[in-house]
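Structural features, examined
Here's the letter readout for the chains.
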Amino acid sequence: MKRLYILLAFLIAMMAAGDGFAQRSRHHKGRKRPKTHRVVKKKGVKSKRHRRTARIVPKEPNPEYDPNEPVILCEDTCSHVHGIDLSHYQGRVFWETVGENTKMAYAYLKATEGGDRIDEHFERNIQLAHRYGLKVGSYHFFRPKTPLREQLINFRTQCRPAEQDLIPMIDIETTGGLPTEVFCDSLITFLGMIEKEYRQMPLLYTFRNFYNKHLIGKVNDYKLMIAMYTPEEPVLADERDITMWQYTSKGRILGINGFVDKSRFMGSHGIRDIRFQHVHLAEEKKR
């Protein structure tokens, strides 16, 4: 009898365990498992992020920034007379290397700006440019609102006639917020002061659009260097003669780190057209 009770108790225990297992199974079947996603990378298919990045990268990089694809510049393919103009922005220039470039015949160097600014590299640049064989000229950045007398004195202290191979150049890029007529009156007065000081008319540097907007009919007697950075030669709205063309502000030359402005003469013009006339000053001293 005792064995019968033990066997019965064992069967009851087994039935209870089976019922518990069945309840746990039903509980798990009723729960929703969180879905997981596998990202399968298909061959030849880029993600959206990669495609978006690809669209902003140019297919053909600018050759000026590609050291493996040098730029074919004007001076490499023509017989024009070329030169550079520079200032403290170019930093320390290795003039002995620049002087070895036989295609660069002249250099215009920034001397002054407004009534009190003197280019920090001017003195060194003009001495070494002479030493290594370039024809040299000096230029002044014109500030229309600055007293004209102050600008003349500032330029005169740096642009000394004995050091000049080329006529002075006046850089004209801003009206200073003045109306065109007022600006032109100030400019013409200043140019007259420069002419009286150096006994010759200066070269005027400006951009084509600036000339067309503000200077047409105002500076007809002056030689022009026109800046326009396109493959086509510049043509002014009044179709007047252009002596020189600054064709790039991103030129490269051995001896100068970074970009440099490059220019050339137009048509049959050459160094003779902008040569500094020392004879006028010599005659003035004799009087």
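Residues numbered from 1 in each chain as written. Predicted model: local features only at pLDDT ≥ 70, side-chain atom pairs only at ≥ 80, totals over all residues. Heavy atoms only, no water.

**Here we look at the overall build of the chain**
In plain terms, the rule: Numbering goes from the N terminus for both helices and strands, where a helix is a DSSP run of H or I of at least four residues and a strand is a run of E of at least two. Residues are treated as being in contact if the distance between any of their heavy atoms lies within 4.5 Å. Per-residue and other accessible areas follow the Shrake-Rupley method at a 1.4 Å probe size, with only the shown protein chains counted as cover for residues.
When you go through the chain residue by residue, the secondary structure sums to nine helices and nine strands. Long-range contacts, defined here as pairs at least 24 residues apart, represent 64% of the contacts in the chain between residues at least 6 apart. Element-wise, carbon and sulfur atoms account for 54% of the exposed surface of the chain, whose accessible area totals about 18400 Å².

**Brief notes about the packing of helix α7 (residues 180-198) against helix α8 (residues 208-215)**
Geometrically, a packed helix pair is captured by the angle between its two axes and the distance between the axes. Put simply, the rule reads: Fitted lines through C-alpha atoms give the axes, limited to the stretch in contact for helices. The angle between two N-to-C directions lies from 0 to 180 degrees. Throughout this description, any angle smaller than 35 degrees is read as roughly parallel, any larger than 145 degrees as roughly antiparallel, any in the 65 to 115 degree range as roughly perpendicular, and the remainder as oblique. Residue polarity follows a fixed list, in which Ala, Val, Leu, Ile, Met, Phe, Trp, Tyr, Cys and Pro are nonpolar, Asp, Glu, Lys and Arg are charged, and the others, Gly among them, are polar.
Relative orientation of the contacting elements α7 and α8 amounts to 105°, with a least axis distance of 10 Å. The orientation of α7 with respect to α8, classified from their angle, is roughly perpendicular. Contacts between α7 and α8 involve Thr180, Phe183, Cys184 and Leu187 from the first element and Phe210, His214 and Leu215 from the second. The residue inventory of the contact of α7 with α8, partitioned by class, reads five nonpolar, two polar and no charged.

**What to know about the pattern of salt bridges**
Convention followed: A side-chain nitrogen of Lys or Arg and a carboxyl oxygen of Asp or Glu constitute a salt bridge if their distance falls within 4 Å. For every residue, the accessible area (1.4 Å probe, protein chains only) is compared with the maximum for its type, and the residue is labelled buried under 20%, exposed over 50%, or partly exposed between those bounds.
Overall, the coordinates contain eight salt bridges when judged by the stated rule. Between lysine 110 and glutamate 113 there is a salt bridge, and its shortest N-O distance comes to 2.6 Å. With a shortest N-O distance of 3.2 Å, glutamate 113 and arginine 117 are connected by a salt bridge. Taking the relative accessible area as the measure of exposure, glutamate 113 reaches 9% and is therefore buried. A residue is classified by how much of its surface remains accessible, and arginine 117, at 51% relative accessible area, is exposed. Here the residues in one salt-bridge network are Lys110, Glu113, Arg117 and Arg143, joined through shared partners.

**Thoughts on the environment of alanine 107**
By the element assignment, alanine 107 lies in strand β2 (residues 104-113). Sequence-distant contacts of alanine 107, that is, excluding residues within four places in its chain, are made with Ile84, Trp95, Leu134, Lys135, Val136, Gly137 and Leu166.

**Structural notes on the pairing of strand β9 (residues 260-265)**
Which entries qualify depends on this criterion: One bridge is not enough; two strands pair if DSSP finds at least two bridges between them.
β9 sits mainly inside the fold: six of its six residues count as buried. Burial of the side chains of β9 extends over both faces: Val260, Lys262 and Arg264 are buried on one face and Asp261, Ser263 and Phe265 on the other. Of the strand pairs in this sheet, strand β1 (residues 82-86) and β9 are connected by four bridges, and their pairing is antiparallel. Bridge assignment links histidine 82 to a residue of β9, and that residue is arginine 264.

**With respect to the packing of aromatic side chains**
To describe a pair of aromatic rings, you give the distance between the ring centres and the angle between the ring planes. Applied cut-off: Centres within 6.5 Å make a pair out of two Phe, Tyr or Trp rings, where for Trp the six-membered ring is used; the pair is then stacked when the planes are under 30 degrees apart, edge-to-face when over 60, and tilted otherwise.
Scanning the model with the defined rule gives eight aromatic pairs in all. Taken together, a centroid distance of 6.1 Å and an interplanar angle of 80° make the contact between phenylalanine 207 and tyrosine 229 edge-to-face. Within this pair, whereas phenylalanine 207 is found in strand β6 (residues 203-207), its partner tyrosine 229 is found in the loop between β7 (224-227) and β8 (244-251), the two being separated by 22 residues in sequence. Of the residues examined, phenylalanine 207 reaches a relative accessible area of 29% and is grouped as partly exposed.

**Re helix α6 (residues 148-158)**
Applied cut-off: Note: the arc covers the axis-to-C-beta directions of the helix.
Residues Leu148, Gln151, Leu152, Asn154, Phe155 and Gln158 constitute the buried set of α6. All buried residues of α6 lie within an arc of 165° about the axis, which places them on one face of the element. Contacts made by the buried residues of α6 are with β2, β3 (117-118), α5 (122-131), β4 (135-141) and α7.

**Let's talk about α7**
Rules: How far a helix is expected to stretch is found by multiplying one less than its residue total by 1.5 Å.
Across its 19 residues, α7 extends 27 Å between first and last C-alpha, which sits within 8% of the 27 Å expected from 1.5 Å per residue. Among all positions of α7, only Phe183, Cys184, Ser186, Leu187, Phe190, Leu191, Ile194 and Tyr198 are buried. The arc enclosing the buried residues of α7, seen along the axis, measures out at 160°, which places them on a common side. For α7, the exposed residues set more than 90 degrees away from the buried face come down to Asp185 and Lys196. Trailing α7 by a residue or two, arginine 199 shows a phi angle of about 60°, which is positive.

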